[in-house]
Amino acid sequence: MTAMQPYPSYRNSGVDWLGEVPEHWVVRRLGTTTERLVTGTWGSDPTGRDDIVCVRVADFDRRRLGVNLRRPTLRSVPVGERQRRLLKQGDLLLEKSGGGDLQPVGVVVHYKHDQEAVTSNFIGRMRVRRQHNARFVLYLNSVLYSIRLTVRSIKQTTGIQNLDVGAYFSESVPLPPLSEQRAIARFLDDSDRRIRRYIRAKERLIELLKERKQALIHEAVTGRIDARTGQPYPAYKDSGVEWLGRVPAHWEVAALRHLATKFGSGVTPRGGATVYEAKGIPLLRSQNVHFDGLRLEGVARIPPDLHLALKGTHVKPRDVLLNITGASIGRVCTVPDDLSDANVNQHVCIIRPRSERILPELLATFLSTRGMQETIELEQVGASRQGLTLDSIRSFKVFVPPALEQAIIVEAVRGALDRVDLLASAARRLITLLHEYRTRLIADVVTGKLDVREAAARLPETDPLADNGDRADTTPTESNLHSATHDMMKEASA
């Protein structure tokens, strides 16, 4: 790819967004590349007769520009009504109607399946003319979408967007000769596979790093390893708790009620959101409590006088907050030192540790372990919604190392997790850059900024309708990550 160069000569295309194009290319209306657009149908509920797969916008794989039919939708469409709407392998599908302002309509995907199907009425079928290559036209449409050229063809009505198909197909686009379209499509298909495979490897790395974070926390705060050495302790005893198993012989196992001075949850103020104000006291709700700390973006705020009236549920720095209801039950974190005034609603429990018995950071970390999260799942009560009682929270069994050792564990875990987070953050940044690079590469190649004919000629012939997947060739192994994170623990405690 480093050897790719611009074409030998260019001419002015006469199109503002396009600029110059290779001298032997032509500029035509987008509509000249396809036959007449055929709109789909939604049919009626399946009856067992006349049922057929109906492709919906929800089936569009926008990343791979294809259709995902793992969970196909069946609709009843009479034979006479479906005949001219049937899809063939190689058809392009255009989203011409839809909702939402953040994701404009106009995306185009390739139908690679041999499954007999039609499309919903929000989708139009485009059949590429013989003098053009379907994959090239697909990439060409993706460029129009990525630079938001489709937006000027959108007609917004209440709650829905409609693409002005006439205006859209009137857009001027660059068209190389058919042989060159094939070469460009082959090059971009190969590049796209490589990029997606690399992205998948990075996504798998992030997944493994998340798993290692949980394993690392479990090992450190349950005494499986000594945070000072990265090795097991010399002697263990039975904890009396099934999931905890054995603990270091010199550690204590205590019920949480003996380790905290306060257990309590708040209330939602009378009037709910109507009493919130822009510059009041933070009212912490379950959506603010996360394993990596409090997230205060968009936090609800209540008037100071209301906050004072709810003094029984005031939050103090270094309190431990635990979500006790809803889908986020079990999420836990400590209150930072710089949050001086706050309150909680009824979905969040305040646990105020006795600092001379257990460090808040260690308690929050212990409650986040896989074993405690499973215990929380088992302890849920309530017929109409999930929930934890304060009595069950008080009964939680907690490991308590000596005070000096607690500080070492907290620092070692924090340092190791920071390094794991750094690796994950770097992988996420690279994924973002790869997506940006892919978009730019497609645009540069399809508009003739780069000549890929020689590079494409060296590539093997592949079936453009084959689904080659995104499986990564290599991914980091569990043992490698296990070894690496143990090294991090040693470094953090040094």
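Residues numbered from 1 in each chain as written. Predicted model: local features only at pLDDT ≥ 70, side-chain atom pairs only at ≥ 80, totals over all residues. Heavy atoms only, no water.

**Things to note about the overall build of the chain**
Then step 1. Each helix and strand counted, the chain has 11 helices and 29 strands in total.
Then step 2. Relative to its length of 494 residues, the chain is extended, with a C-alpha radius of gyration of 30 Å against a globular reference of 23 Å.
Then step 3. The C-alpha extent of the chain, read off along each of the three principal axes, is 80 × 55 × 50 Å.
Then step 4. Counting across all 494 residues of the chain, residues that qualify as buried make up 51%.
Then step 5. Here the contacts in the chain between residues at least 6 apart in sequence split such that 76% fall between residues at least 24 apart.
Then step 6. Surface accessibility of the chain: about 24200 Å² in total, with carbon and sulfur atoms responsible for 50%.
Then step 7. Computed over 71 positive and 59 negative side-chain charges, the inter-centroid distance for the chain is 3 Å. (Helix = DSSP H or I, 4+ residues; strand = E, 2+ residues; numbered from the N terminus. Rg over C-alpha atoms; globule rule 2.2 N^0.38 Å. Buried < 20%, exposed > 50% of the residue type's maximum accessible area, 1.4 Å probe, protein only. Contact = heavy atoms within 4.5 Å. Areas by Shrake-Rupley, 256 points an atom, 1.4 Å probe, with all protein chains shown as cover. Lys, Arg positive; Asp, Glu negative; His and termini not counted. Charge placed at Lys NZ, Arg CZ, Asp CG, Glu CD.)

**Side note on the packing of aromatic side chains**
Then step 1. Going through the model one piece at a time under the given rule, you end up with 8 aromatic pairs.
Then step 2. Of the aromatic side chains, those joined through ring pairs into one cluster are Tyr233, Tyr236, Trp243, Trp251, Phe366 and Phe399. (Phe/Tyr/Trp six-rings, centres within 6.5 Å; stacked < 30°, edge-to-face > 60°.)

**Here's the deal with the sheet that holds strand β27 (residues 343-344)**
Then step 1. Here we have 3 strands laid out as an open sheet, ordered β24-β21-β27, and mixed in their pairing. What marks the edges here is a single partner per strand, and that holds for β24 (300-302) and β27.
Then step 2. For strand β21 (residues 281-284) and β27, the ladder comprises 2 bridges, and the chain directions are parallel. Each bridged residue has a counterpart across the sheet, and for Leu284 the counterpart in β27 is Val344. (Pairing = 2+ DSSP bridges.)

**Side note on the side chain of Arg135**
Then step 1. Turning to its location among the elements, Arg135 is positioned in helix α2 (residues 134-146).
Then step 2. Only 2.9 Å separates the side chain of Arg135 from the side chain of Asp189, close enough to count as a polar contact.
Then step 3. Setting aside residues no more than four positions away along its own chain, Arg135 makes contact with His110, Lys112, Ala185, Asp189 and Pro464. (Polar contact = N/O pair within 3.5 Å; in protein donor to acceptor, adjacent residues only side chain to side chain.)

**Things to note about the sheet that holds strand β25 (residues 320-323)**
Then step 1. One open sheet accounts for 4 strands, arranged β20-β28-β25-β26; its pairing is antiparallel. Edge strands, defined here as strands with exactly one partner in the open sheet, are β20 (260-265) and β26 (332-334). Strand-to-strand twist in this sheet, taken as the mean axis angle between neighbours without regard to direction, amounts to 20°.
Then step 2. Contacts from helix α6 (residues 360-367) reach β25, β26 and β28 (348-353), with the element oriented near 170° to β26. (Axes fitted to C-alpha atoms, helices over the stretch in contact; angles between N-to-C directions.)

**Quick notes on helix α4 (residues 178-221)**
Then step 1. The end-to-end C-alpha distance of α4 is 64 Å, a good match for the 64 Å that 44 residues give at a rise of 1.5 Å each.
Then step 2. Looking one or two places after α4, you find Gly223, whose phi comes out positive at around 80°. (Expected span 1.5 Å × (residues − 1).)

**Structural notes on the nonpolar core**
Then step 1. Ranked by size, the top nonpolar core spans 42 residues in total, and within it Leu256, Ile351 and Ile393 carry the most contacts.
Then step 2. By residue number, the principal contributor to this core is helix α9 (residues 403-446), which donates 6 residues.
Then step 3. Apart from residues no more than four positions distant in its own chain, Ile393 is found in contact with Leu256, Phe263, Leu322, Ile324, Cys349, Ile351 and Leu388.
Then step 4. Counting residues in hydrophobic clusters, the runner-up holds 41 residues, among them Trp25, Ile154, Leu441 and Leu450. (Core = buried A, V, L, I, M, F, W, Y, C linked by side-chain atoms within 4.5 Å.)

**Some remarks on the confidence of the model for the chain**
Then step 1. The share of residues in the chain with pLDDT of 70 or more is 91%, and the mean pLDDT across the chain is 88.
Then step 2. Below a pLDDT of 50 lies the segment residues 472-479, which in the model reaches 12 contacts outside its immediate sequence neighbourhood of four places, other chains included.
Then step 3. Note that pLDDT drops below 50 for residues 484-494; the model gives that stretch 30 contacts with residues more than four away or on any other chain. (pLDDT = per-residue confidence, 0-100.)

**Quick word on the pattern of salt bridges**
Then step 1. Inspection of every chain in the model, using the stated rule, returns 29 salt bridges.
Then step 2. Here Arg62 and Glu95 are joined by a salt bridge, their closest N and O atoms 3.3 Å apart. A residue pair is termed long-range when its members are at least 10 positions apart, and Arg62 in the loop between β6 (60-61) and β7 (66-67) and Glu95 in strand β9 (residues 92-95) qualify at 33 residues.
Then step 3. For Asp391, the salt bridge is made with Arg394, and the minimal N-O distance between the two is 3.0 Å. One end of the pair, Asp391, and the other, Arg394, are both in helix α8 (residues 390-394), 3 residues apart, so they sit about a helical turn from each other.
Then step 4. By sharing partners, the salt bridges in this structure join Arg63, Arg200, Glu203, Arg204, Glu207 and Glu211 into a single network. (Salt bridge = Lys/Arg side-chain N within 4 Å of Asp/Glu carboxyl O.)

**With respect to the environment of Gly19**
Then step 1. Looking at the secondary structure, you find Gly19 in the loop between β1 (10-12) and β2 (20-22).
Then step 2. With a relative accessible area of 28%, Gly19 lands in the partly exposed category.
Then step 3. Separated by 430 residues in sequence, Gly19 and Lys449 place their C-alpha atoms 9.9 Å apart.
Then step 4. Excluding its chain neighbours within four sequence positions, the residues that come into contact with Gly19 are Arg11, Asn12 and Ser13.

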